[in-house]
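A structural walkthrough
So you can see what is in the structure, the chains are spelled out below.
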Amino acid sequence: MKYVYLDNAATMPINDSALNKMIECAKYYGNPSSVYKAGRKARKLMDESRAVIASILGVDTSEIYFTSGGTESANWALVGAAFANADKGKHIITSPIEHHAVLNTCERLNKLGFEITYIPVDKYGIVDIDALKKAIRSDTILISIMYANNEVGALQPVNEIADIAKENGVLFHTDAVQAVSAVPINLSELGADMLSLSAHKFAGPKGVGALYIKKGTKISPFMHGGEQERGRRAGTENVIGVVGMAEALKIACTDIISSGAKIAEKRDRLINGIINSIEGVQLNGHPTMRLPGNVNISFENTLAQSLLMRLDSAGIAASAGSACASGSLETSHVLLAMGVPQNKAKGSIRLTLSCNTTDEDIDYVLGVLPSIVEECRGSAI
Ligand SMILES: *Cc1c(COP(=O)(O)O)cnc(C)c1O
């Protein structure tokens, strides 16, 4: 049976070249902190990987810190900046459409005495810049706004936000887990103080990521223990994961603009095909300010769970909003923040493409989707 994987925003199959590097690297068992030969070999692999990632992002190697993934990077950025700057103030600004790695960390900080302001988004899922400007106070220490939303793909005005943060002497963290490898990012131009990324979202291994911390940023360590990562992130390094991440990033970012354009072309064909063949549909997110691989559509009078089950039976892997929400029947917090009514939000699914998605894949989905939607509408769901 035909199998079409359209959940690339949840995770991606590992890139062959990254996998081969990891297999090769697995035999270097040395601890990077050890001074003898085996340790030095592992250290060298770490250094080379860090240099690759730093050069792609346009930053210094000393500004890249390895973590266990996007969730840890975001937790560290928020908690670390909050704790280290609490003497200056306890006010943090974020948005209601962030990933739960950010939202739940904000909730925890709120319980610890920090005050959180959530900047509203418009109907396209883009944060309101004027509201952001107005929300800044003398005790604001941090702004955390994602680079691109994982559910509806909305690209945020991060350049403007970085400028506003800088003018006001406030730190700016951006969760760029979905954006890295999808759109070109040059941190020397962006001017964010911290940026989170995760390897498995760009065809690297799971359980490894990085946090960029600009030189001079006040941030306390998140993991306490040894002196790894310049004394800021303790624990013996995931050498194999780091090597795989660097290779995957290198490949994902080669020809990023032309490969993004090719993916966007397929995305638009899928969107237009759905809109033209099925009644009662609505595209969620911005028509153009969106990730090249993101399609998020509401099908009136359906339930996402039953659409997804039928798609799965037809060999199509998709999701309702985020992977984390797929198991639950909770309505997407992102769609609700955008003002999508409950009855449309509950029938919304996300189809996310990658450079591996073919024209045949798109044709296949467009071929089976109309009858699947019809079945869903016809049944008592
Ligand atoms: C996947 C994702 C994360 C979490 O990354 P993990 O490496 O899976 O912990 C955080 N933010 C966004 C926007 C994501 O898409």
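What comes next is a walk through the structure. (Residues numbered from 1 in each chain as written. Predicted model: local features only at pLDDT ≥ 70, side-chain atom pairs only at ≥ 80, totals over all residues. Heavy atoms only, no water.)

**Section: helix α11 (residues 304–313)**
When we look at burial in α11, the residues that qualify are A304, S306, L307, L308 and L311. Contact partners of the buried residues in α11: β10 (294–299), β11 (316–317), β12 (348–352) and α15 (359–378). Following α11 by one or two positions, G315 adopts a phi angle in the positive range, close to 85°. (Buried < 20%, exposed > 50% of the residue type's maximum accessible area, 1.4 Å probe, protein only. Helix = DSSP H or I, 4+ residues; strand = E, 2+ residues; numbered from the N terminus. Contact = heavy atoms within 4.5 Å.)

**Some points on the site of the ligand**
Surrounding the ligand, one finds G69, G70, T71, H99, M146, N150, D175, V177, Q178, S198, H200 and K201. In this structure, G70 approaches the ligand through a main-chain N or O atom, which is 2.8 Å from an oxygen atom. Here an oxygen atom of the ligand and a side-chain polar atom of S198 are 2.6 Å apart. Protein chains shield 88% of the accessible area of the ligand, which is 380 Å² for the free molecule. (Near = heavy atom within 4 Å. Polar contact = N/O pair within 3.5 Å; in protein donor to acceptor, adjacent residues only side chain to side chain. Areas by Shrake-Rupley, 256 points an atom, 1.4 Å probe, with all protein chains shown as cover.)

**A word on the pattern of salt bridges**
Where charged atoms of side chains with opposite charge meet at close range, the side chains can pair. Using the criterion set out here, one finds 18 salt bridges in the structure. The closest approach of N and O atoms between K21 and E247, which form a salt bridge, is 3.7 Å. Taken as a pair, K21 in helix α1 (residues 16–25) and E247 in helix α9 (residues 239–253) lie far apart in primary sequence, 226 residues in all. With relative accessibility at 9%, the residue E247 sits in the buried group. For K27, the salt bridge goes to E24, with nearest N and O atoms at 3.3 Å. (Salt bridge = Lys/Arg side-chain N within 4 Å of Asp/Glu carboxyl O.)

**A few points about the environment of I362**
Within the element layout of this structure, I362 appears in helix α15. Residue classification places I362 among the buried residues on the basis of a relative accessible area of 0%. In this structure, the C-alpha to C-alpha distance between I362 and A131, residues 231 residues apart in sequence, is 39 Å.

**Examining the packing of aromatic side chains**
Tallying each qualifying case throughout the model produces 1 aromatic pair. Directly above the aromatic system of Y28 lies the positively charged group of K41, at a separation of 4.6 Å from the ring centroid. Of note, K90 hangs over the ring of F114, and the distance from its end group to the ring centre comes to 5.1 Å. (Phe/Tyr/Trp six-rings, centres within 6.5 Å; stacked < 30°, edge-to-face > 60°. Lys NZ or Arg CZ within 6 Å of the ring centre and 35° of its normal.)

**As for the packing of helix α2 (residues 37–57) against α9**
Running from N to C, α2 and α9 point in directions that differ by 30°, and their axes come no closer than 9 Å. The angle between the axes of α2 and α9 places the two elements in the roughly parallel class. The way α2 lies across α9 gives a crossing that is left-handed. Touching A42, L45, M46, S49, V52, I53 and I56 of α2 are V239, V242, V243, M245, A246, L249, K250 and C253, all from α9. (Axes fitted to C-alpha atoms, helices over the stretch in contact; angles between N-to-C directions. Parallel < 35°, antiparallel > 145°, perpendicular 65-115°, else oblique. Left-handed = near helix turned anticlockwise from the far one by under 90°.)

**Looking at unusual backbone geometry**
Within the chain, E229 stands out as a residue other than glycine whose phi angle is a positive 50°. Of note, E229 is situated in helix α8 (residues 228–231). Backbone geometry at R230 places phi at a positive 55°, although glycine is not the residue there. Secondary-structure assignment places R230 in helix α8.

**Quick look at the packing of helix α3 (residues 70–85) against helix α4 (residues 100–111)**
At a closest axis distance of 9 Å, the pairing of α3 and α4 adopts a crossing angle of 30°. As summarised for this structure, α3 and α4 are arranged roughly parallel, according to the angle between their axes. Between α3 and α4 lies a crossing of right-handed hand. Packed against α3, whose contacting residues are T71, A74, N75, L78, V79, A82 and F83, the element α4 presents A101, V102, T105, C106, R108 and L109 at the interface.

**Some points on the layout of surface pockets**
Approximately 550 Å³ is the volume found for the largest pocket. In terms of lining, the largest pocket is formed by 32 residues, of which the most central are M12, S181, I263, S354 and C355. Within the residue set of the lining of the largest pocket, elements represented by two or more residues are α9 and α10 (256–277). Ranked by residue count, the leading element in the lining of the largest pocket is α10, at 4 residues. For the lining of the largest pocket, the per-class residue count stands at 18 nonpolar, 13 polar and 1 charged. Domain assignment of the residues forming the lining of the largest pocket places at least three in each of domain 1 (4–12 + 255–380) and domain 2 (16–252). (1 Å grid on protein atoms, 1.4 Å probe; cavity = no way out; pocket = protein on both sides within 12 Å on 5 of 7 lines; lining within 4 Å. Points joined across faces, edges and corners; volume = space filled by probe spheres on them. Nonpolar A, V, L, I, M, F, W, Y, C, P; charged D, E, K, R; others polar. Domains from an automatic or database assignment.)

**Quick notes on the sheet that holds β10**
By definition, the strands of a sheet pair up through backbone hydrogen bonds, in either a parallel or an antiparallel sense. The strand order across the open sheet formed by 3 strands is β9-β10-β12, and the pairing between neighbours is antiparallel. Two strands close off the open sheet at either side, each with one partner strand: β9 (281–283) and β12. With direction set aside, neighbouring strand axes in the sheet form an average angle of 25°. Of the pairings in the sheet, the one linking β9 to β10 comprises 3 bridges and is antiparallel in character. The residue of β10 that forms the bridge with L283 is I297. Contacting β10 and β12, α11 crosses the sheet at an angle of about 40° to β12. (Pairing = 2+ DSSP bridges.)

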